[in-house]
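Tertiary structure, described
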Amino acid sequence: MISKLIAEIKKKNAPVVVGLDPQMAFLPKFLLDKAIKEKGETLDAAADAIFEYNKGLIDAIYELIPAVKPQVAMYEQFGVPGVAAYKKTVDYAHEKGLVVIGDIKRGDIGSTSGAYAIGHIGKVTIGNTEIAPFDEDIVTVNPYLGSDGVKPFIEICNSCDKGIFVLVKTSNPSSGEFQDQKIGDKTLYEEVADTVVAWGKESMDGDYSNVGAVVGATYPEMGIELRRRMPKTYILVPGYGAQGGKGSDLKGYFNEDGLGAIVNSSRGIIAAFKNEKYASFGEEGYAEAARQATIDMIEDISQAIG
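Residues numbered from 1 in each chain as written. Predicted model: local features only at pLDDT ≥ 70, side-chain atom pairs only at ≥ 80, totals over all residues. Heavy atoms only, no water.

**Side note on the overall build of the protein**
The cut-off we apply is this: Helix and strand assignments follow DSSP, with helices taken as H or I runs no shorter than four residues and strands as E runs no shorter than two, numbered in order from the N terminus. Radius of gyration: over C-alpha atoms. The globule rule applied is 2.2 Å multiplied by the number of residues raised to the 0.38 power. Relative accessibility under 20% of the residue-type maximum defines a buried residue, over 50% an exposed one, and the middle range a partly exposed one, all with a 1.4 Å probe and only protein chains included. Here a residue-residue contact requires only that any non-hydrogen atoms of the pair lie within 4.5 Å. Shrake-Rupley sampling with a 1.4 Å probe provides the accessible areas, and residues are treated as covered by the protein chains on show and by no other component. For the purpose of charge, His is not counted, nor are the chain termini; Lys and Arg are scored as positive and Asp and Glu as negative. Note that the charge is assigned to NZ on lysines, CZ on arginines, CG on aspartates and CD on glutamates.
The helix and strand tally for the protein stands at 12 helices and 14 strands. The globule rule puts the C-alpha radius of gyration for 306 residues at 19 Å, and the 19 Å found for the protein is close to it. Of all 306 residues assigned to the protein, the portion counted as buried reaches 54%. Counting only contacts in the protein whose residues sit at least 6 apart along the sequence, the fraction spanning at least 24 positions is 73%. Summed over its atoms, the accessible surface of the protein is roughly 13,200 Å², and 51% of this surface lies on carbon and sulfur atoms. Taking the average place of the 32 positive charges on the side chains of the protein and the average place of its 43 negative ones, the gap between the two points comes to 2 Å.

Structure (structure tokens):
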């Protein structure tokens with residue numbers, strides 16, 4: 001699967017993924033008002049508005065980028081209708097030819113992790129029929145429970161040509177409370193990085209592995225260090241834009257071939273119409289504002305990595 005993502009990055013010359021992380025505060029009022037008129041002030045109305053919002057965003061940006069990254073919690077907050085909107089978003093992104101990175105951050109004991117892996121990137125057998133329930137292409141995985149929480153995902157990567165991004169050094173301010181702690185002569189995040197490299201050897205797909213890593217844009221010096229430590233590992237880089245990461249910080253996350261990383265922006269793109277820079281598009285032009293913000297992001301990162 002990583003080879004497919006790389007091919008799309010090369011085709012569009014854009015190492016960029018847009019995070020589809022809807023919140024009520026981001027929804028244009030006209031979309032929510034329309035849904036409420038049809039279904040009342042209900043979870044179903046919220047879910048309908050979210051999908052229409054996502055559909056507009058995808059229509060505006062799919063030609064520019066290789067992938068989208070819906071964050072499942074932003075849909076789960078709206079209950080079963082929200083989860084249905086998540087699935088509809090995954091399917092619609094696929095219709096537009098996009099790689100879908102499901103930001104699910106799962107990781108549990110073996111049998112539970114196996115169920116998560118099957119549900120999101122694998123297939124479940126019902127009678128004589130195999131069905132892919134959520135059918136993302138790649139998902140994020142939390143390694144805190146160790147190998148038995150991750151291996152089921154790697155098995156699915158190998159059997160179904162899928163991928164994972166394992167949390168190594170996350171972008172949030174408190175990540176260092178655990179991730180920066182020393183274990184002998186290594187930090188915890190270095191230990192996880194080395195284990196990701198070992199896991200990755202079990203699932204190579206060309207020059208890179210289907211087992212990738214999450215390394216936040218907010219820690220550029222650590223990003224440079226981890227790039228050296230994981231040369232065959234693709235890095236998903238959250239934290240660009242609204243969280244403070246800048247294009248000028250990102251060169252060290254990439255390899256000399258110009259590959260090796262894909263940078264995420266979520267609310268900086270999907271809520272661009274609320275930013276003064278793009279306010280002229282107005283609420284009804286939210287998708288066009290997102291398109292322009294995406295173009296600006298691609299240009300910023302391209303200049304930074306040369």
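**Structural notes on the side chain of Lys-12**
Within the element layout of this structure, Lys-12 appears in helix α1 (residues 2-12). Aside from chain neighbours lying at most four places away, what touches Lys-12 is Tyr-62, Glu-63, Leu-64, Ile-65, Pro-66 and Leu-98.

**A word on a nonpolar patch on the surface**
Where we set the bar: Patch members must show over 30% relative accessible area and no salt bridge, and they are joined within 9 Å when carrying like charges or within 5 Å when they are nonpolar side chains of Val, Leu, Ile, Met, Phe, Trp or Tyr. In what follows, salt bridge is the name for a side-chain nitrogen of Lys or Arg lying within 4 Å of a carboxyl oxygen of Asp or Glu.
The grouping of Ile-118, Val-124, Ile-126 and Ile-131 at the surface amounts to a nonpolar patch, some 300 Å² of accessible area in total. On the secondary structure map, Ile-131 appears in strand β5 (residues 129-131).

**Description of the environment of Arg-229**
The criterion, for reference: What qualifies as a polar contact is a pair of N or O atoms within 3.5 Å, subject to a donor-acceptor requirement within protein and to the restriction that residues adjacent in sequence count only when both atoms come from side chains.
Counting through the fold element by element, Arg-229 comes out in helix α10 (residues 220-229). Judged by relative accessible area, Arg-229 falls into the partly exposed class, the value being 27%. Considering only alpha carbons, one finds Arg-229 and Asp-194, 35 residues apart in sequence, at a separation of 7.3 Å. When neighbours within four sequence positions are excluded, Arg-229 is seen to be in contact with Lys-186, Glu-190, Ala-193, Asp-194 and Val-197. At a separation of 2.7 Å, a polar atom in the side chain of Arg-229 contacts the side chain of Asp-194.

**Section: the sheet that holds strand β7 (residues 163-169)**
Definition in use: Pairing between strands is defined by DSSP: at least two bridges between them are needed. Comment: axis = line fitted to C-alpha atoms, over the contacting stretch for helices; angle = value between 0 and 180 degrees taken between N-to-C directions.
Reading around the circumference, β1-β2-β3-β6-β7-β12-β13-β14 is the order of the eight strands in this closed barrel, with parallel pairing throughout. For this sheet, the mean angle separating the axes of adjacent strands, direction not counted, is 30°. With two bridges connecting them, strand β12 (residues 211-215) and strand β13 (residues 235-237) associate as parallel partners. Counted as the bridge partner of Ala-213 is Ile-235 from β13.

**Some details on unusual backbone geometry**
Even without being a glycine, Asn-13 presents a positive backbone phi close to 50°. The phi dihedral of Lys-105 is positive, around 45°, even though this residue is not glycine. As for its position among the elements, Lys-105 is in strand β3 (residues 99-106).

**What about the packing of aromatic side chains?**
Our working rule: Ring geometry is summarised as follows: Phe, Tyr and Trp rings, the Trp one being its six-membered ring, pair when their centres sit within 6.5 Å, and such pairs are stacked at plane angles under 30 degrees, edge-to-face over 60 and tilted between the two.
Under the criterion given, the structure shown has seven aromatic pairs. Centroid distance Tyr-75 to Tyr-86: 5.3 Å. Interplanar angle 70°. Geometry classified as edge-to-face. Of the two residues, Tyr-75 is situated in helix α4 (residues 73-76) and Tyr-86 in helix α5 (residues 79-95); the sequence distance between them amounts to 11 residues. With a relative accessible area of 0%, Tyr-75 lands in the buried category. By relative accessible area, Tyr-86 is classed as buried at 0%. Between Phe-273 and Tyr-286 the ring centres are 6.4 Å apart and the planes differ by 70°, which places this aromatic pair in the edge-to-face class. Of the two residues, Phe-273 is situated in the loop between α11 (267-270) and α12 (286-305) and Tyr-286 in helix α12; the sequence distance between them amounts to 13 residues.

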